[in-house]
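Single-letter residue listing:
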Amino acid sequence: MARRKKIYEGKAKILYEGPEPGTIVQYFKDDATAFNAEKKDVIDGKGVLNNRLSEYFMTGLNQIGVPTHFIRRLNMREQLVRNCEIVPLEIIVRNYAAGSLSKRLGIAEGTQLPRPIIEYCYKDDALGDPLVSEEHIAAFGWASQQDMDDILSLALRVNDFMSGVMLAVGIRLVDFKIEIGRVFEGDFQRLIVADEISPDSCRLWDIETGQKLDKDVFRRDLGNLADAYSEVARRLGVLPKSN
Ligand code: C5P
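Cut-offs used in this document
Residues numbered from 1 in each chain as written. Predicted model: local features only at pLDDT ≥ 70, side-chain atom pairs only at ≥ 80, totals over all residues. Heavy atoms only, no water. Near = heavy atom within 4 Å. Polar contact = N/O pair within 3.5 Å; in protein donor to acceptor, adjacent residues only side chain to side chain. Areas by Shrake-Rupley, 256 points an atom, 1.4 Å probe, with all protein chains shown as cover. Helix = DSSP H or I, 4+ residues; strand = E, 2+ residues; numbered from the N terminus. Nonpolar A, V, L, I, M, F, W, Y, C, P; charged D, E, K, R; others polar. Pairing = 2+ DSSP bridges. Axes fitted to C-alpha atoms, helices over the stretch in contact; angles between N-to-C directions. Contact = heavy atoms within 4.5 Å. Expected span 1.5 Å × (residues − 1). Buried < 20%, exposed > 50% of the residue type's maximum accessible area, 1.4 Å probe, protein only. Arc of directions from axis to C-beta.

Engineer: So what's going on with the site of the ligand? Which residues, and what values?
Structural biologist: Close to the ligand lie 15 residues, the nearest being E90, R94, S100, D175 and R203. Here a nitrogen atom of the ligand and a side-chain polar atom of E90 are 2.8 Å apart. With respect to the ligand, the side chain of S100 contributes an N or O atom lying 2.5 Å from an oxygen atom. When the ligand sits alone it has 450 Å² of accessible area, and the protein chains cover 80% of it. Mapped by element, the contributors of at least two residues to the shell around the ligand are β9 (89-96), α2 (99-105), β12 (171-185) and β14 (202-206). Residue composition of the shell around the ligand, grouped by class: four nonpolar, three polar and eight charged.

This is the structure in structure tokens:
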């Protein structure tokens, strides 16, 4: 058996060279980290759930014409994705105040925002992914003005799609983070949604009870993380009810 070439190992995922040129195998680990890896644990089954959930969201986005890196799920923990050059920004979309926005601006968690608010963080673990302005992004050349227009449009379309999908199963999409990749097609470059979309990267609250069904369960010691993610998967019909 040949050993696969590992391209990158992050906090929650490993990337391997894919079987065809331009592809990558994305492996979902069970590791959970928070506060820039100051808090760590292994949550049995988290990788399997996030692989399924990210497949579900990315497939839905592909179907409505929002391009993503997702090609197909390979097995319980792995999916085949398009290789892309990741834009060094975390794109955060917020519908309700929570987390760092609440802390920074003193707005109570759960307050509905007047409109979706987009924030950009510079992807750098050593710096703790600091919040940056469009001025920084332009001046340091992390993305062009055209890229920023495209990123805004992608982020808002992902927000519309994800908010609707969640609302249909009684869940409020409070906020989420996406990453964007560049793919090159001849003379053109296209931006696509990359990385993952899962309860690791979203805040999801039950509309009736306010129960948190996302990584805050781990960050704030609110209970069993795998149970929360399973509940999201069960409501979406991603896992059979017995699972
Ligand atoms: O911590 P903060 O309130 O800024 O997070 C906003 C949203 O972005 C949350 O849904 C969080 O899970 C997500 N996020 C993420 N990865 C980061 C930072 C935030 O997925 N490095």
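Next comes the rest of the description.
Engineer: I'd love a proper account of the sheet that holds strand β1 (residues 6-9), names of residues and values included.
Structural biologist: Across the sheet, which stays open at both edges, the five strands sit in the order β1-β2-β3-β7-β6 with antiparallel pairing between neighbours. The open sheet has two free edges, formed respectively by β1 and β6 (70-73), since each of these has just one partner strand. On average, each strand axis in the sheet is tilted by 25° relative to the strand beside it, whichever way the strands run. By the bridge criterion, five bridges tie strand β2 (residues 13-17) to strand β3 (residues 23-28) in an arrangement that is antiparallel. Within β3, the position partnered with L15 by the bridge is Q26. Where helix α1 (residues 46-63) meets the sheet, its contacts fall on β3, β6 and β7 (78-82), and the angle it forms with β6 comes to roughly 135°.

Engineer: So what's going on with helix α6 (residues 225-236)? Residues and values would help.
Structural biologist: Relative to the 16 Å expected for twelve residues at 1.5 Å per residue, α6 spans 17 Å between its end C-alpha atoms, a close match to the ideal helical length. Within the sequence span of α6, burial applies to L225, A226, A228, Y229, V232, A233 and L236. One side of α6 carries all its buried residues, which in axial view fall inside an arc of 165°. If you follow the buried residues of α6, they end up packed against β4 (31-34), α1, α4 (145-167), β12, β14 and α5 (216-219). Between a side-chain oxygen at the N-terminus of α6 and the backbone nitrogen of A226 the separation is 2.9 Å; the capping residue is N224. After α6 finishes, the residue G237 shows a positive phi value of roughly 75°.

Bear in mind that shape data such as this cannot, by itself, settle questions of function.
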